[in-house]
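Here are the chains, one letter per residue:
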Amino acid sequence: MNLFNVYPLFNINPVKAQGSFLWDDKGEKYLDFYGGHAVISIGHNHPHYQTQLKNQLDKISFYSNSVQNELQTELADKLGKLSGLEDYNLFLCNSGAEANENALKLASFHNGKNKVLYFSGSFHGRTSAAVSVTDNPKIVAPVNYDERFIKSEWNNTEQLEAIFEKQGSEISSVIIEGIQGVGGIMIPKVEFLTKIKELCEKYNTVLILDEVQSGYGRSGYFFAHQEFGIEADIITTAKGMGNGFPIGGVLIHPKFQASNGLLGTTFGGNHLACVAAIAVLDVMKDEHLVENAQKMGAYIENEIKDFPHIKTIRRKGLMIGIELDRNCSEVRNSLLYNHHIFTGNSNDKAVLRILPSLNIKKAETDVFISALKTVLENL
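A brief report on the enclosed structure follows. What you see is a predicted model; the values in this text were computed from it and never measured. Residue positions within a chain follow its written sequence, with the count starting from 1. Local features in this predicted model are restricted to residues of pLDDT 70 or higher, and side-chain atom pairs are both shown and tallied only at a pLDDT of 80 or more, whereas totals for entire chains, interfaces and linings draw on every residue. For the side-chain quantities, the full set of heavy atoms in the structure was used; hydrogens and water were omitted.

## What about the nonpolar core?
Then step 1. Nonpolar cores were defined as sets of buried Ala, Val, Leu, Ile, Met, Phe, Trp, Tyr and Cys residues, with membership established by side-chain atoms within 4.5 Å. Note on exposure labels: buried denotes an accessible area under 20% of the residue type's maximum, exposed denotes more than 50%, and partly exposed covers the range between, all computed with a 1.4 Å probe on protein chains only. In this structure, Ile196, Ile322, Phe368 and Leu372 are the most contacted members of the largest nonpolar core, which totals 76 residues.
Then step 2. The numbering of helices and of strands both runs from the N terminus, where a helix is a DSSP run of H or I of at least 4 residues and a strand a run of E of at least 2. Sort the elements by how many residues they give to this core and helix 8 (residues 271-286) lands first, with twelve residues.
Then step 3. Throughout, a residue-residue contact means that at least one pair of heavy atoms, one from each residue, lies within 4.5 Å. Ignoring sequence-local partners within four residues, the contact set of leucine 372 consists of Ile304, Phe307, Ile322, Val331, Leu335 and Leu352.
Then step 4. Membership of the second largest hydrophobic core comes to 20 residues, among which are Ala107, Val133, Ile208 and Leu263.

## Quick word on the layout of surface pockets
If a probe as big as a water molecule is rolled over the atoms, it shows which places are left empty.
Then step 1. Every definition here rests on a 1 Å grid over the protein atoms only: cavities are sets of points where a 1.4 Å probe fits but cannot get out, pockets are open sets enclosed by protein on both sides within 12 Å along at least five of seven lines, and lining residues have some atom within 4 Å of a point. Grid points are joined across faces, edges and corners, and a volume is the space filled by probe spheres set on the points. The calculated volume of the second largest pocket comes to roughly 660 Å³.
Then step 2. Taken together, 24 residues make up the lining of the second largest pocket; nearest its centre are Gln72, Leu90, Phe91, Leu92 and Ala258.
Then step 3. For the lining of the second largest pocket, the secondary structure elements donating two or more residues are helix 3 (70-83) and strand 4 (89-93).
Then step 4. Under the grouping applied here, Gly and all other residues not named as nonpolar or charged are polar, the nonpolar ones being Ala, Val, Leu, Ile, Met, Phe, Trp, Tyr, Cys and Pro and the charged ones Asp, Glu, Lys and Arg. Grouping the constituent residues of the lining of the second largest pocket by class yields eleven nonpolar, twelve polar and one charged.

## Details of the sheet that holds strand 12 (residues 319-324)
Then step 1. When DSSP finds two or more bridges between two strands, those strands count as paired. Strand order in the open sheet made by the three strands is 11-12-14, with antiparallel pairing throughout. Bordering the open sheet on either side are strand 11 (310-316) and strand 14 (351-354), each of which pairs with just one other strand. Sheet twist, expressed as the average angle between the axes of neighbouring strands with direction ignored, equals 15°.
Then step 2. Where strand 11 lies against strand 12, six bridges are found, and the strand directions are antiparallel. In the sheet register, isoleucine 313 faces strand 12, and the bridge partner there is isoleucine 322.
Then step 3. Interaxial angles span 0 to 180 degrees and are taken between N-to-C directions of axes, which are lines fitted to C-alpha atoms, for helices over the stretch in contact. Taken strand by strand, helix 11 (residues 362-377) contacts strand 11, strand 12 and strand 14, and its axis lies near 10° from that of strand 12.

## Here's the deal with empty space enclosed by the protein
Then step 1. Throughout the structure, instances matching the rule amount to two cavities of 30 Å³ or more.
Then step 2. In this structure, the largest cavity spans a volume of roughly 40 Å³.
Then step 3. Lining the largest cavity we find Ala38, Ser41, Gln213, Gly215, Tyr216, Arg218, Gly240 and Leu358.
Then step 4. Per-class residue counts for the lining of the largest cavity are three nonpolar, four polar and one charged.

Following this line, the structure appears as structure tokens:
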């Protein structure tokens, strides 16, 4: 049997990782400034993270959600305190797509409506409803197309108001990323988010904030939308939540009523996943990583802002989009193969996406800054 060939692969085989570095099977060392799509939040193989997972393996790694699991309670308590959302409730699952599926379903259960408003440039996952609110026709299969899913232009308040005026009574939820990641680090205007919140309240529509990539301290706030003082009805999270261990979460406003069987999952909230997520929160708190994201992100931006071929820098914390005056693929490949630095791209082919771990150090950022300068000056 062969693998189903759906991923374009770099000819690099990482076999070891520590902190912000990877080593391949030939012993070559790489600086990780992408973290596998913002998954690596506290660095590879953090000692506390490793120890907690190893200890849990000696106890129990899995049982279903038909029994008590005090680790889920501990995770919910610590997540509530660190995020400042102690009055919300938590549903645990396995991924960002699954979190968004459950958020959309919960919203529809709540108000009995069936339409969803999403935005241009969005990415919410590859599963059924999640991919239907993702703005990429290449990954939306015919079975996923439906008129219930309504697209509005990003940061276009007038179009948003027009859609609500016409269909507001039918719109169950609005789903929006705190910051668009795949879309090219697109930051919503505060007046745009404010208007969405206002319309959701007026039309009994649920506001879902997809913080799968922009959450967990990535933006310099625990969740990106918190910078603007917006209260979401539902918040989805994943990626950095488990530092590589698959876990996702749905944070649910207390106005939503739970009932037996309303939502469910086989693997979500298992013992190992919870221990991984708890370890991430412990490290984030003890090492002040939200503050470090603000500090190191600002440092990177200040150091590179005058480099040649950079048109704009879109940044919140350590979620950075560097828009070049050309396709970024040549720069990305040069950074990887000539300087051994992992970076990312986006649907905007000119945008180089930078997503290092939240505990990145100045010495490591300086390696990236020096390499980027060399690459850009030699274009």
